[in-house]
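A look at the structure
Here's the letter readout for the chains.
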Amino acid sequence: MLEIIPSILSADFARLAEEIARVERGGASMLHLDVMDGHFVPNLTIGPPVVESIRKTTRLHLDVHLMIENPDFYAAAFVQAGANSVSVHYEACRHLDATLGIIRSAGAMAGVVLNPATPVAVLEDVLEVADYVLLMSVNPGFGGQKLIPYVLEKVRKLDSLRRQKRLALPIEIDGGVHRENLADVVRAGCDWIVTGSAVFHSPDPEAAVREMRQIAAQAAAVQC
Ligand code: DX5
Ligand code: ZN
């Protein structure tokens, strides 16, 4: 299922409920929440209390992206706060299989994230126990960066790997996606498309989501 998923990293945090209502009116059914700890990435964002407050303001699927060290220790708290899906970085997990198990038993979908430089091949076996895979198309930490083009080749590789294994898991992409490169991203095989600055830095976030949903649907229709 093709989804345009606004990332609140570029939203106005003082008016978060309004910002969320705007993208919801634009047709978004999922919201991407970036959690950064100042260690795994050189930036700091939000923790479970903020997710809990967001949960109270919206019924959208909350997709939490953990860019933190020691995710085993924190993942369940994000599920309890209301996350519907939680993804952890391959690069931050010493026991990835166990970490995915923690997320699933807490009651959320469990995703694995790869940094741009980490090859898709490392996922070959763990794909069976992941609910989705997030391929970073920028180095994590900040919104507003440029999409790294070689990541689209990784999307194609992962798409053929999931076909080979007959797995239906969604491929998510995160970083530098905007109207102009969106069709390429869809044609490469992405299902869940995160977009931050292209939505929240536009004068009309509602229209931006609506337009991106149309572009994505058209690109998918041409592909078939
Ligand atoms: C970056 C975050 C992204 C970010 C994307 O580390 O994981 O979710 O919000 O923002 P844009 O779409 O501006 O690249
Ligand atoms: Zn993210």
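Before any of the text, the structure's been laid out above.
We now turn to the structure provided with this report. Computed from a prediction, not measured in an experiment: that's the story for all the values here.

So, how was this worked out
Position labels on residues start from 1 in each chain and follow its written sequence. Written order decides the labels, with chains lettered from A and ligands numbered from 1. The predicted origin of the model limits local features to residues at a pLDDT of at least 70 and limits the giving and counting of side-chain atom pairs to 80 or more, whereas totals for whole chains, interfaces and linings rest on all residues. Hydrogens and water are ignored here; the side-chain numbers use all heavy atoms of the structure. Residues grouped as a nonpolar core are buried Ala, Val, Leu, Ile, Met, Phe, Trp, Tyr and Cys residues, joined through side-chain atoms within 4.5 Å. The rule is simple: take the accessible area with a 1.4 Å probe, protein chains only, and divide by the maximum for that residue type; under 20% is buried, over 50% is exposed, in between is partly exposed. Only runs of H or I of at least four residues qualify as helices and only runs of E of at least two qualify as strands under DSSP, and these elements are numbered from the N terminus. Whether two residues are in contact is decided by their heavy atoms: any pair within 4.5 Å suffices. Metal sites are built from N, O and S donor atoms within 2.8 Å, or 3.2 Å for Na, K and Ca, and they leave out water, so they may look incomplete. Labels for metal geometry use angle windows, namely 85 to 135 degrees for all angles of a four-donor tetrahedral site, and for square planar (four donors) or octahedral (six donors) sites opposite donors over 155 degrees apart plus all others within 65 to 115; sites meeting none of these are irregular. Centres within 6.5 Å are what make two rings of Phe, Tyr or Trp a pair, Trp counting through its six-membered ring; a difference in plane orientation under 30 degrees is then read as stacked, over 60 as edge-to-face, and the rest as tilted. This arc describes the spread of directions from the helix axis toward the C-beta atoms. Definition of a polar contact: a pair of N or O atoms within 3.5 Å, with one able to donate and the other able to accept a hydrogen when the atoms are protein atoms, and with sequence-neighbouring residues admitted only if both atoms are side-chain atoms. Note: two strands are recorded as paired if DSSP finds a minimum of 2 bridges between them. Note on definitions: angles span 0 to 180 degrees between N-to-C directions of axes, and those axes are lines fitted to C-alpha atoms, for helices only across the stretch in contact. Neighbouring residues are identified by heavy atoms, a residue being near a molecule or strand if any of them is within 4 Å of it. Areas reported here follow the Shrake-Rupley algorithm with a probe of radius 1.4 Å; residue values treat only the protein chains shown as occluding. Residue type decides the class: Asp, Glu, Lys and Arg count as charged, Ala, Val, Leu, Ile, Met, Phe, Trp, Tyr, Cys and Pro as nonpolar, and the leftover types, Gly among them, as polar.

1. Quick look at the nonpolar core
Buried together is how nonpolar side chains tend to be arranged in soluble globular proteins. Leu 31, Leu 33, Leu 66, Leu 135, Ile 173 and Ile 193 are the most contacted members of the largest nonpolar core, which has 67 residues in total. Per-element accounting of this core gives the leading share, 6 residues, to helix α8 (residues 205-223). Setting aside its immediate chain neighbours within four residues, Ile 193 contacts Leu 2, Glu 3, Ile 4, Ile 5, Ile 173, Val 177, Leu 182, Val 185 and Val 186.

2. Observations regarding the coordination of the zinc ion (ligand 2)
The protein atoms that coordinate the zinc ion (ligand 2) are His 32 (NE2), Asp 34 (OD), His 65 (ND1) and Asp 174 (OD), at distances spanning 2.0 to 2.3 Å. Because the angles between the 6 donor atoms bound to the zinc ion (ligand 2) fall within 68 to 168°, the donor set is best described as octahedral. The sequence motif formed by the donor residues of the zinc ion (ligand 2) is H-x1-D-x30-H-x108-D. With a gap of 140 residues between them, Asp 34 in strand β2 (residues 30-36) and Asp 174 in strand β7 (residues 171-174) connect regions that are remote in the sequence.

3. As for the packing of aromatic side chains
Under the criterion given, the structure shown has 2 aromatic pairs. Consider the rings of Phe 73 and Tyr 74, whose centres lie 5.1 Å apart with planes at 80°: the pair is edge-to-face. Phe 73 gets classed as exposed once you look at its relative accessible area, which sits at 62%. For Tyr 74, a relative accessible area of 38% puts it in the partly exposed group. A centroid spacing of 4.9 Å and a plane angle of 45° characterise the contact between Tyr 132 and Trp 192, whose relative ring orientation is tilted.

4. A look at helix α1 (residues 16-25)
Within α1, the full set of buried residues consists of Leu 16, Glu 19, Ile 20 and Val 23. All buried residues of α1 fall inside an arc of 95° around its axis, so they share one side. Trailing α1 by a residue or two, Gly 27 shows a phi angle of about 110°, which is positive.

5. Things to note about the side chain of Asp 63
Checked against the element boundaries, Asp 63 lands in strand β3 (residues 61-67). In this structure the side chain of Asp 63 is engaged in a polar contact, spanning 2.9 Å, whose partner is the side chain of His 32. Among the polar contacts listed, one links the side chain of Asp 63 to the side chain of Tyr 132, at a separation of 3.4 Å. For Asp 63, the contacting residues outside a window of four places in its chain are Met 30, Leu 31, His 32, Leu 33, Ser 85, Tyr 132 and Glu 172.

6. Considering unusual backbone geometry
The backbone phi angle of Asn 70 is positive, close to 55°, even though this residue is not glycine. Among the secondary structure elements, Asn 70 is positioned in the loop between β3 and α3 (71-80). Even without being glycine, Arg 166 reaches a positive phi, approximately 50°. Positionally, Arg 166 belongs in the loop between α5 (150-164) and β7. Classification of Arg 166 as exposed rests on a relative accessible area of 77%.

7. Some details on the sheet that holds β2
The 8 strands lie next to each other as β1-β8-β7-β6-β5-β4-β3-β2, forming an open sheet whose pairing is parallel. Each end of this open sheet is capped by a strand with a single partner; those strands are β1 (3-6) and β2. Averaged over all neighbouring strand pairs, the angle between strand axes comes to 25°, with direction disregarded. As judged from the 4 bridges shared by strand β6 (residues 132-136) and β7, these two strands associate in the parallel manner.

8. Side note on the pairing of strand β4 (residues 85-89)
The buried fraction of β4 amounts to 5 of the 5 residues, a majority that puts the element mostly inside the structure. Every second residue of β4 is oriented toward a common face, with Ser 85, Ser 87 and His 89 on one face and Val 86 and Val 88 on the other, all of them buried. Sheet topology note: the β3/β4 ladder contains 4 bridges and is parallel. Within the sheet, the bridge partner assigned to Asp 63 lies in β4 and is Ser 85.

9. Topic: the site of ligand 1
As a matter of local geometry, ligand 1 sits amid 20 residues, with Ser 7, Asp 34, Asp 174, Gly 196 and Ser 197 nearest to it. For ligand 1, an oxygen atom lies 2.7 Å from a polar atom in the side chain of Ser 7. In the complex, 100% of the free accessible area of ligand 1, which totals 380 Å², lies under the protein chains. Among the secondary structure elements, those contributing two or more residues to the shell around ligand 1 are β2, β3 and β8 (192-195). No other element matches the 3 residues that β2 contributes to the shell around ligand 1. Among the residues forming the shell around ligand 1, the class breakdown is 7 nonpolar, 11 polar and 2 charged.

Nothing here speaks to function; it is geometry throughout.
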